[in-house]
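Chains, contacts and geometry: an overview
These are the residues of each chain, in order.
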Amino acid sequence: MSSDNIANDLIESLTDELDSQRAESAAHPVLRATIWLTLGAIYTAAIVMVIGLRPDLIEKFAMTDYVFDLSLAFITGIGASITAFYLCIPDMRGKSWLVIVPFILTAIFTLWIIIKVITEGFIMPELRLIHCLTEAALFVAVPAALLTFFTSKKSATTKPVILSIMNGISVTALGYVGIRMTCMLDTAIQDLIYHVLPFMFCGMVAGFIARRFYQW
Amino acid sequence: MQNNSLDWDQLAKASQTGDKKAYNQLLKEIYPYIQNVLYPTLANADWVDDLTQNILISVHKSLNTYAADRPFKPWLHAIINFRRADFLRKHYSKKKDKQMPYDEALLEKQYVTDPAHAGEYKDIEKQLADLPEKQRDVFVKMKIKGYSAKEIAEEMDMTESAVKVSAHRTMNKLKDKLG
């Protein structure tokens, strides 16, 4: 069978399949990201309520560095979420520059943590499995599964690795905001070890596993 | 070329509403275009047809991600570049497994200069046996026993198009496994 015949057969087959598979355009990525962020925020708020707000939360909100910390994490999460849903489209709707935004925000956040560690002094805390690590798993498990589901449905990513990273950043940021509202470990090094690294680790593992879901 | 781009935008938009005629025309028009994009970038011209067909299937699977208010070509090129990179990555990773010892010069020469001998080192029947039963039956009937797609469809209670797509995908899978 010549290659032209094979091509014609394939084209006819695909045309016939279009009948049962209406290729209706998927929703705009910003809308999809908004839905995910809303559900993620509701879940995080619910977990915060179950665990219980930290007793000094009102005092903390009067502190600039605490508000900056949370705001930066929140904005990073939003940026990564929107970028993730744009990454679900082969050409990202012409907005491939979006990929750099969450990376820059993550770099700023990392720099912020480093500055805090330097100014507060590097005193290694005693490492033990405290409630933060188990709560981190609670904060990240369902949002990670949900985000993987949303970004693998009606999706055709041409950058599966970057999509996995964006999902990891998004889930990490959301979980970080949640745990900073429940846990009173506030020194920079405690923050890094108990509030950032567990999420990053979970995000990386989830992202690695999730790559297979992005094959199409 | 400018008119082609506008036509493809409109054809893709119509295809998303289920217009089969528009979709058929779109696929027929982009097929030679994809080949022309791939020819200068691939070392082996035999790869172009296989990869073009894979890209066509990818276009079919991802048509719902095309935004009708945006140009079609950049969307198509993103898929072409992705599939080409994927194809070359798999191809070159497989080549690492085919390193022959240098003291077996005669064997190496046969392998390098006569691709037909590659089949002597592979068990085609074993690869067929590893396929799901229905997929294997369709492939064997169509490609080995010479049944038509219509005959297979009637016998196995499938649509003709499903039979053709199944056989095509099985062929690609065997090519990947057998080299």
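Numbering of residues begins from 1 in every chain and follows the order in which that chain's sequence is written. Think of it this way: whatever chain is written first is A, whatever ligand is written first is 1, and the rest follow in order. Thresholds applied to this predicted model are a pLDDT of at least 70 for local features of residues and 80 or more for the giving and counting of side-chain atom pairs; totals over whole chains, interfaces and linings are not thresholded and use all residues. Note that the side-chain values use all heavy atoms of the structure and ignore hydrogens as well as water.

**What to know about the nonpolar core**
As a reminder, the rule being used: To define a nonpolar core, start from buried Ala, Val, Leu, Ile, Met, Phe, Trp, Tyr and Cys residues and group those joined through side-chain atoms within 4.5 Å. Burial classes: relative accessible area under 20% of the type maximum marks a residue as buried, over 50% as exposed, and values in between as partly exposed (1.4 Å probe, protein chains only). In this description a helix means any DSSP run of H or I spanning at least four residues, a strand means any run of E spanning at least two, and both kinds are numbered starting from the N terminus. Any two residues having at least one pair of non-hydrogen atoms within 4.5 Å are treated as being in contact.
In this structure, Ile30(B), Leu56(B) and Phe72(B) are the most contacted members of the largest nonpolar core, which totals 37 residues. Top element by residues in this core is helix H2 (residues 20–38) of chain B. It accounts for 10 residues. Beyond its immediate chain neighbours, meaning those up to four positions away, Leu56(B) contacts Leu10(A), Ile11(A), Leu14(A), Leu27(B), Ile30(B), Tyr31(B) and Ile34(B). Membership of the second largest hydrophobic core comes to 21 residues, among which are Val48(A), Leu147(A), Cys183(A) and Phe199(A).

**Overview of a negative patch on the surface**
Operational definition: Patch members must show over 30% relative accessible area and no salt bridge, and they are joined within 9 Å when carrying like charges or within 5 Å when they are nonpolar side chains of Val, Leu, Ile, Met, Phe, Trp or Tyr. A 1.4 Å probe and the Shrake-Rupley method give the accessible areas. Residues count as covered only by the protein chains that appear here. Salt-bridge detection follows one rule: a side-chain nitrogen of Lys or Arg within 4 Å of a carboxyl oxygen of Asp or Glu. When charges are counted, Lys and Arg are positive and Asp and Glu negative, with His and the chain ends excluded. To locate a charge, take atom NZ for lysine, CZ for arginine, CG for aspartate or CD for glutamate.
On the surface, a cluster of negative charge is made up of Asp16(A), Glu151(B), Glu154(B) and Glu160(B). Mapped onto the secondary structure, Glu154(B) falls in helix H8 (residues 149–156).

**Some points on the packing of H8(B) against helix H9 (residues 160–178) of chain B**
Residues and elements named next belong to chain B. The cut-off we apply is this: Convention adopted: a line fitted to C-alpha atoms gives each axis, helices being fitted over their contacting stretch, and angles between N-to-C directions are expressed from 0 to 180 degrees. Orientation is classified from the angle alone, with under 35 degrees giving roughly parallel, over 145 giving roughly antiparallel, 65 to 115 giving roughly perpendicular, and any other angle giving oblique. Note that Gly is not counted as nonpolar here; it falls among the polar residues with everything else outside the nonpolar set of Ala, Val, Leu, Ile, Met, Phe, Trp, Tyr, Cys and Pro and the charged set of Asp, Glu, Lys and Arg.
In contact at an axis separation of 8 Å, H8 and H9 are set at 110° when each is read in the N-to-C sense. The angle between the axes of H8 and H9 places the two elements in the roughly perpendicular class. Here H8 contributes Ala149, Lys150, Ile152 and Ala153 to the contact with H9, which in turn contributes Glu160, Val163 and Lys164. Class assignment for the residues of the contact of H8 with H9 results in 4 nonpolar, no polar and 3 charged.

**Considerations on the environment of Leu14(A)**
Structurally, the position occupied by Leu14(A) is in helix H1 (residues 3–18). Accessibility expressed as a relative area gives 0% for Leu14(A), which makes it buried. Residues contacting Leu14(A), with those up to four places away along its chain left out, are Tyr23(B), Leu27(B), Leu56(B), Ile57(B) and His60(B).

**Quick notes on the interface of chain B and chain A**
Just so we agree on the cut-off: Put simply, buried area is the surface a 1.4 Å probe can reach on two separate parts but cannot reach once they are joined, added for both. We call two N or O atoms a polar contact when they sit within 3.5 Å, provided that within protein one can donate a hydrogen and the other can accept it, with sequence-adjacent residues counted only if both atoms are side-chain atoms.
Counting residues at the interface gives 37 residues for chain B and 34 residues for chain A. For the chain B face of the interface with chain A, the top three residues by lost area are Lys20(B), His60(B) and Asn64(B), together amounting to 19%. Summed over the shared surface of chain B and chain A, the result is 3 salt bridges. The shortest N-O distance in the salt bridge between Lys28(B) and Glu12(A) comes to 3.6 Å. Remark: the boundary between chain B and chain A carries 7 residue pairs in polar contact (both at pLDDT 80 or more). When residues of the side of chain B that touches chain A are traced back to their parent elements, those giving at least two are helix H1 (2–16), H2, helix H3 (46–62), helix H4 (72–95) and H9 of chain B. The biggest single contributor to the side of chain B that touches chain A is H3(B), with 8 residues. When the residues that make up the side of chain B that touches chain A are grouped by side-chain class, the tally is 14 nonpolar, 13 polar and 10 charged.

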